Amino acid sequence: QVQLVESGGGLVQAGGSLRLSCAASGRTFSRYAMGWFRQAPGKEREFVATITWSGGSTTYADSVKGRFTISRDNAKNTVYLQMNSLKPEDTAVYYCNLHIGKDYWGQGTQVTVSS
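Residues numbered from 1 in each chain as written. Predicted model: local features only at pLDDT ≥ 70, side-chain atom pairs only at ≥ 80, totals over all residues. Heavy atoms only, no water.

**Some points on the overall build of the protein chain**
Part 1 of the argument: Along the protein chain, the regular secondary structure elements total zero helices and 11 strands.
Part 2 of the argument: The order of α-helices and β-strands along the protein chain, N terminus first, is β-β-β-β-β-β-β-β-β-β-β.
Part 3 of the argument: In terms of overall size, the protein chain behaves like a compact globule, its C-alpha atoms giving a radius of gyration of 13 Å where 115 residues would be expected to give roughly 13 Å.
Part 4 of the argument: When its C-alpha atoms are laid out on the principal axes, the protein chain stretches across 40 × 25 × 20 Å.
Part 5 of the argument: A buried classification covers 41% of the 115 residues belonging to the protein chain.
Part 6 of the argument: At a minimum sequence separation of 6, the contacts of the protein chain that also span at least 24 residues come to 52%.
Part 7 of the argument: Carbon and sulfur atoms make up 47% of the accessible area of the protein chain, which amounts to about 6000 Å² in all.
Part 8 of the argument: When the 12 positive and 8 negative side-chain charges of the protein chain are each reduced to one mean point, those points stand 6 Å apart. (Helix = DSSP H or I, 4+ residues; strand = E, 2+ residues; numbered from the N terminus. Rg over C-alpha atoms; globule rule 2.2 N^0.38 Å. Buried < 20%, exposed > 50% of the residue type's maximum accessible area, 1.4 Å probe, protein only. Contact = heavy atoms within 4.5 Å. Areas by Shrake-Rupley, 256 points an atom, 1.4 Å probe, with all protein chains shown as cover. Lys, Arg positive; Asp, Glu negative; His and termini not counted. Charge placed at Lys NZ, Arg CZ, Asp CG, Glu CD.)

**Brief notes about the sheet that holds strand E8 (residues 78–83)**
Adjacent strands of a sheet pair through backbone hydrogen bonds, lying either parallel or antiparallel.
Part 1 of the argument: Spatial ordering of the open sheet is given by E1-E3-E8-E7, a layout of four strands whose pairing is antiparallel. Both edges of this open sheet fall to strand E1 (3–7) and strand E7 (68–73), since each of them pairs with a single strand only. Going across the sheet, the axis of each strand differs from the next one's by a mean of 15 degrees, ignoring polarity.
Part 2 of the argument: One ladder, built from six bridges, connects E7 with E8; its direction is antiparallel. Across the sheet, residue Thr 69 finds its bridge partner in E8, namely Gln 82. (Pairing = 2+ DSSP bridges. Axes fitted to C-alpha atoms, helices over the stretch in contact; angles between N-to-C directions.)

**Quick look at the state of the cysteines**
Part 1 of the argument: Within the structure shown, the criterion is met by one disulfide.
Part 2 of the argument: Two residues, Cys 22 and Cys 96, share a disulfide whose sulfurs are 2.1 Å apart. Between Cys 22 and Cys 96 the sulfur-sulfur dihedral comes to about -85 degrees; the bridge is accordingly left-handed. Remark: Cys 96 occurs in strand E9 (residues 92–99) and Cys 22 occurs in strand E3 (residues 18–25); sequence separation between them is 74 residues. (Disulfide = S-S within 2.5 Å.)

If you want it as structure tokens, here you go:
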């Protein structure tokens, strides 16, 4: 059974930084691409970033490109999201995603950016 547990969210002022972590268990994590999504109040869940199994290729939403960095440590079964130059519009619940035949999601971690 796949389990994803996010951590690292919190309250930060605009311009600040946070680093999110997602610890995975239950499958051979290193074989699969991983992603981060977010959902703001009253909005649909949206794509943020993804990383290939090796970490050799990453993709970002235009809204976070140049400010966020996704990375992974397969030895620790963990994927990270470094978020810099945060803006109030980045406020959302951030979810880790793994797709193996179906989507697996963590419980989410709240990120709040104050202006």
